[in-house]
Structures are given as C-alpha cells and as structure tokens.
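Here is what each chain is made of, one letter per residue.
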Number of protein chains: 2
Amino acid sequence: MSQIRPRAASRMAGIAPFHVMAILAQAQALEAAGRDIIHLEIGEPDFATPAPIVEAGVAALRAGHTHYTDALGLMQLREAIAGFYATRWQATVDPAHVVVTPGASGALLLALGLLAGPGDEVLMADPGYPCNRHFVRFCDARAVTVAVDAASGFQLTLESIQRHATPATRAVLIASPANPTGTAITPDELTRIHDWCAAKGVALIVDEIYLALTYDDSEHSAARWDDVFVVNSFSKYFLMTGWRLGWLAAPAWAMPALERLAQNLFLAASTPAQHAALAAFLPATLDELEARKAELRARRDFLLPALRERGFVIPTQPQGAFYLYADCSGHTDDSGQFAQALLEQVGVAVTPGLDFGQHQPQRFLRIAYTQPLPRLVEAIVRIDGFLAR
Amino acid sequence: MSQIRPRAASRMAGIAPFHVMAILAQAQALEAAGRDIIHLEIGEPDFATPAPIVEAGVAALRAGHTHYTDALGLMQLREAIAGFYATRWQATVDPAHVVVTPGASGALLLALGLLAGPGDEVLMADPGYPCNRHFVRFCDARAVTVAVDAASGFQLTLESIQRHATPATRAVLIASPANPTGTAITPDELTRIHDWCAAKGVALIVDEIYLALTYDDSEHSAARWDDVFVVNSFSKYFLMTGWRLGWLAAPAWAMPALERLAQNLFLAASTPAQHAALAAFLPATLDELEARKAELRARRDFLLPALRERGFVIPTQPQGAFYLYADCSGHTDDSGQFAQALLEQVGVAVTPGLDFGQHQPQRFLRIAYTQPLPRLVEAIVRIDGFLAR
C-alpha cells in the first residue's frame, strides 16, 4: 500500500533552528579531533549551581518531594519570589500573581499563549533572543520585529513602538538586559512604554531573566506595575539552567487563564527543582551569587575594551547579562564566515548575528563571556593572531 | 489616564479548567476542618519514586549535572529508552528518533505543535484525557472528539475514524490504555487504524503513558511502526510524576522539526531528572516497579467487582492504568452532584465525568485506585453507607 507522509503545520516554516548549534557541533567535532576550543558561543554560565541549592535539592529528593505540586507552583516558593521583588527591587508583588514555570521558556509560552493567536501581532526588538519570535509564531501570531541600534541601546522606544503598532498589536515584548546585546532599557523609557500600553489595551511583557545580572547598580523591575507580565528565571543569576525553573508575575485578571494553561501545558514545574529553589534566596546563596556576578562583571570589564581596541565596535556599554554584541564590519562583511574562520583557524567559538534577527546580522557577532578570565585573555591572544593573518 | 485591559486570545475560550481541581480544593478544605477524606480523584500514583532513581538524582546533583543537555536529551537516556522498547515490547526504536521531553505534556506539545495549526483537525476519543483536546486547541486547531462507549472498549475504531475524517484531518490521537477508562485498543484495530492513517497521510499519535501498567500481559506498543508518534512518560509506571520527564518516539522525517521546536519551547528537559531516569531501567528498579504494578492490579481486582456489585456499571474490564470509569446512572442522573454528595457526606473524593468530554459525562465517575487497598476497602464501606441513606 502506498504511504503518504503527513505534512507539518504551517507554523513550522517560521521556526528556524539555532545557527549557534551548528557552530557548537563544529566546535565539538574539532575538540574530538584534539583541538582546544574556547567556547564563547554558549549562553549559559560556566558556574555550578550553588551548594545550598544543590543540597536543598538532595534533601527534597530524599524527603520524597517527587509528586506533582499545584499547577501554579509551591506557595512557599511563590512567596519567596515575591519577597525577592520586595528586598531586591522594592517592588510589591502578590504571591498569588506568581506562576512558577518550567524555565522562562514556560513563562513566555504561558504569557504568549494567553495573549496572542492567529491575526495578532507582538512587537519586539531586532536583534533579540530568537525564541521570542518563535514563541509568537508557535502561537500562530505574527512577531513584528523592530530594527533597533545603538542609538536606543538596542531597545525599543515608545516612538518605534508607535511607528509599528497596528490595531492587531496585542503585546509588546521587551527584554532588559537583552540577549544578545546585554543592554538595558531606561526606567523613563519603560515608563513611557508602560503607560502607552496601558492606555491602548496592549499587554506589556518584560523579560527580566538577566535583570539581577546588571553590573552598574541600575536594576529596575517592571514588577513595580501590577499590570505587566514579568518573566524571570532561576537559570542565569541563580545558576540553575539545567533544573528548568522560572516564573511569571502576571496581572490579577490573567491568573485564572494562566492557571488553566499551566494545568494543561505543564501540569506543574519540577517539584525537586522548586524545593531546591527555596534555598536560592538564603543569605549564603545570595553571597555566592553576588561573588559570581562580580566575576562576570570583571570579565566584561576586560573583554569590552579589549575587543574595542581590536576594531570591534560596541558603541553602547552593556549593563548586564553576559554578552557583547560586537560590530565586526571593520574586519569582514560576513559575520557568519568570520565566525566560521575564527573557529577553524584559532579555535574561538562565537555566535554569528544571524541567530538574532534580520537587522544587519552580517555585521555582528555575539560573544558570551561564559568562560573564566584566563580563557578570555587567551581568546584575545588568539583573535590577535587571527587578525594578523 | 484611563486604562484598557488587554484581552485574551480566542483559544482561551476553548481551554476549560479541570473540574477535578474544584473537588480537590473542596476535599482539602474538608480535611483542614478535620474530616478524613479518601482521595480517589487524583491521577497520580501514591507510591514514592524508587530509591535507585532518587539516589541517581542525588548523585547527579552532587556531580554537578545541572547544566543544559542537548535539546533532544542525553544520548545515553535516549539509548536506554530505545533499549526498553526492545526488551519490553520487542519494538525496534532508533535512539536518534527519541526526544526526551518535560513530561508527556512536552511530548504532546511537540507532536501537535508540529502537526496541527489553524484549520486543521485532530481526531480523538470522548471520553478522553482533557489536556489532549486542550493541546489541540492551544495549537489553534480543532479537536474533533468522537463519542466512544463500551462496545469498542471506549476506543476509536477505524470505522468511527472514517466517519469523522475530513480533508482537514491531520492526526488521529489514541491513548491506550486510556484515561479515564483504563481500556486498551486491540492490536488488530490499531493496525487497521495505522494502515489507514499511513495511506491517507494522516499522522497517528499514540499516547502510551499507561502502557507498562497493563495488567493482563497484553502490552503492545505502536513503536513497532516507525511512522507513528509515540508519547510516553516517566511519570506513571516509573513513578516520577513530579520530576516532569517523558519522551516522544517520532518518525525520522519529523526529527529536524521536532528538534527546532524543542530548542525553542523548552531548551531541554530537566538535566538532574534525565540523569536520575537512567536508573529507571536497572533490574532492581524494574523489580520494584513490577511489585508496585502487582499492587495496582490487586487494587483493580478488588475495586472493580466491589463497584459492580453496588450497581456501578463498568461493562469493559479495564486492562491498565489506575482508573475505573463507572456508569453511576443507576444511582443518579447527575454524576457531578453525586460526586459532590459522596465527598460531603462520606468523605470519598472521585472525579465527575464532566472533565473527560461531552459524551454522557453526567452518567460517569472516574475512580482512581491511587490509594492503598485498606483505604479502598474503607471507601467501599463508606459508599455502602452513602447508598443506604
């Protein structure tokens, strides 16, 4: 009997693979062949999860905390998250409005699943984290990407939003500090955008997964408003990437729908991870996290001038995260080929701009300082050798 | 300034809450007031995760296995899963075609996200697990529910599929053994359905999360075909509910798209859980799991005749899972009110049929035997008292 292969849904045409995965695979192949590769392509801290969190996870497993939690998460953890907003960001968050999710990925899926469907549009910056536009596409809505550049710190402005808004605009998505640029939005601009969204009935989603990794003491959370969807994660600042735990702080009106979505899409976030995360807010843990953060800052403060001196243009000092988004057009007119050659010739892996959007990707590289300082020094030595060829 | 509340996407109107959650909340309120409640409403085994899995999880945490894995999962775990198909179900599965997911929920989201979008239809049985139709609705497709009854073991038949198929039919979703009925599809009927789907270019998705909990030695996996999407989970047989880990075995053609979706929607499944699950296939673990399964079977073999003797009609012996779907129309014409009264008057919590679809839900109750045998005996005593009032 003849067989017909099922076809994929139309959304799949709009969901691209991560190009960095090809770089990573190639880097691993070179390593397998004996080469020493410096991994500056990976968006994951190289630090281990702090011991108090690990031990809380161990204790949870041994205590048998392996059954489902409530779909919204452990109330004790939701309260601890609300407490962190109060102490760290002087923002009042009701624990009842916090959903614990499988990573920030889960939080974005909940927020966009609630807000965006066929015919709807969601505004976001280009360059930006590629999953953001793919989540929107997954929800059969349209990601309207707005080209941003150094003039606005690679962030949306109210003016750029107004220019791209249509009656179909359902949400504005802002990431601050952002991946791949590390740049943050100013409190004033965010306030203007918030007020415009509130007046227009447009939802404001703010991705703050790198907020606690802001290096210039300018952390400001959008949770100071109670009508914003604020996405956060235990992955980056709290060094819990593989545990897959994040959260969403949402407006009161959205909670019943978000609970229904969480019940159906996830059942709940990982129970051992939730128990472990309770230790993330202990003073000893926060001390360790702040020390890690100081180390990341030191890496930025080495790498940023070093790259600038070598002709990479990074016009805006990135406030946070662990990325530099470097204009390499002084060296090449194709950042993809440049990244390829850098990997092959001197064993330094970076991510070409192509992963982050359509706005001049061929001019840019994302360089993640997720390696210890001595390795960054070695990377610069290798880049010198590469540029001298 | 006046504010306008954003509106929810249209999909949300099609995503209902779990009615069982209201029963659960009420049961917990009664417990808080000092009442003893027998929980037969919860679709989660009461057993702890086996010790070898817990200890493997502990070892993984202490070894620092807390970074992201590959989006498709640890290759060692994908190989172990393929090995389980070979030894348990005599099915050849290529590890390269296995995706490790955050629970079976993640597997269903991947499969339906790949296959179903606006304008598409997915056929499934009514009664059925409510999340299935909600996943389809989440993907902006239409869940076409087909009323099934005892005559077909509450399973779809090729004839019923042909009657409901249209040119928009993109997938058929079968769960075997099924929630809420515990009944399995016969190998012959599944073969007929498989062949029809293959000839028509309709995807076949088979949810086998309860397959290893089949009590009459008739386990047969749809993974014997390499063109089926087979969903499974570490939650039920392996007793790892709160760890949130499952998998999807998929056709070769689908793997690149599924990898893209997994990268974007999840990044990866929980790393500690993946390492822990490597211990799920150890002989010592499987011995414990088989002992647990024997206990579940003994519960079924007590509860099924006990309920039948009391006028609850369960025409088809359920082959697996841990549910009985009982027609209580000899006692009531409203199973929701009946469940409510049973809880309030004698402290036995069960789930009304309403959670599982539109086909005669008022006649049915789902009774989960997720409590030890002495508690089931006590539940029957209480039901006797209730019926005698």
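What you are looking at is a predicted structure, and each value in this text was computed from that prediction instead of being measured.

## Considerations on the domain arrangement of chain A
Residues and elements named next belong to chain A. Along its sequence, chain A is carved into domain 1 (10–48 + 285–387) and domain 2 (51–281). A C-alpha centroid distance of 25 Å is found between domain 1 and domain 2. Listed per partner, the contact involves 40 residues of domain 1 and 45 residues of domain 2. Between domain 1 and domain 2 we count 3 salt bridges in total. For the salt bridge of Asp140 with Arg11, the shortest nitrogen-to-oxygen distance reads 2.9 Å. Taken together, the connections running from domain 1 to domain 2 amount to 25 residue pairs in polar contact (both at pLDDT 80 or more). Going through the elements one at a time, helix H10 (283–309), strand S9 (323–327) and strand S12 (364–368) are the ones with two or more residues in the side of domain 1 that touches domain 2. Of the residues belonging to the side of domain 1 that touches domain 2, the class tally is 19 nonpolar, 11 polar and 10 charged.

## Observations concerning the packing of helix H1 (residues 19–32) of chain B against helix H11 (residues 335–346) of chain B
Any two packed helices are characterised by the angle at which their axes cross and by the distance between the axes. All names here are of chain B. Two elements in contact, H1 and H11, have axes separated by 10 Å at closest approach and are oriented at 15°. Between H1 and H11, the interaxial angle falls into the category roughly parallel. Between H1 and H11 lies a crossing whose hand is right-handed. Taken together, the residues of H11 that come into contact with H1 (itself represented by Ile23, Gln26, Ala27 and Leu30) are Ala339, Gln340, Leu343 and Glu344. Residues of the contact of H1 with H11, tallied by class, amount to 5 nonpolar, 2 polar and 1 charged.

## Observations concerning the interface of chain B and chain A
Between chain B and chain A, the residue contacts involve 79 residues of the former and 79 residues of the latter. Surface buried jointly by chain B and chain A totals about 6,600 Å² across both partners, of which 58% is contributed by carbon and sulfur atoms. Three residues, B:Tyr68, B:Phe138 and B:Asn264, lead the burial of chain B against chain A; their summed loss comes to 11% of the area buried on that side. Counting the contacts that link chain B with chain A gives 2 salt bridges. With a closest N to O distance of 2.7 Å, A:Glu55 and B:Arg62 form a salt bridge. Inspection of the region where chain B meets chain A yields 43 residue pairs in polar contact (both at pLDDT 80 or more). Broken down by class, the residue content of the side of chain B that touches chain A amounts to 45 nonpolar, 19 polar and 15 charged.

About the thresholds
- Residues numbered from 1 in each chain as written.
- Chains lettered and ligands numbered in written order.
- Predicted model: local features only at pLDDT ≥ 70, side-chain atom pairs only at ≥ 80, totals over all residues.
- Heavy atoms only, no water.
- Domains from an automatic or database assignment.
- Contact = heavy atoms within 4.5 Å.
- Salt bridge = Lys/Arg side-chain N within 4 Å of Asp/Glu carboxyl O.
- Polar contact = N/O pair within 3.5 Å; in protein donor to acceptor, adjacent residues only side chain to side chain.
- Helix = DSSP H or I, 4+ residues; strand = E, 2+ residues; numbered from the N terminus.
- Nonpolar A, V, L, I, M, F, W, Y, C, P; charged D, E, K, R; others polar.
- Axes fitted to C-alpha atoms, helices over the stretch in contact; angles between N-to-C directions.
- Parallel < 35°, antiparallel > 145°, perpendicular 65-115°, else oblique.
- Left-handed = near helix turned anticlockwise from the far one by under 90°.
- Buried area = accessible area lost by both parts, 1.4 Å probe.

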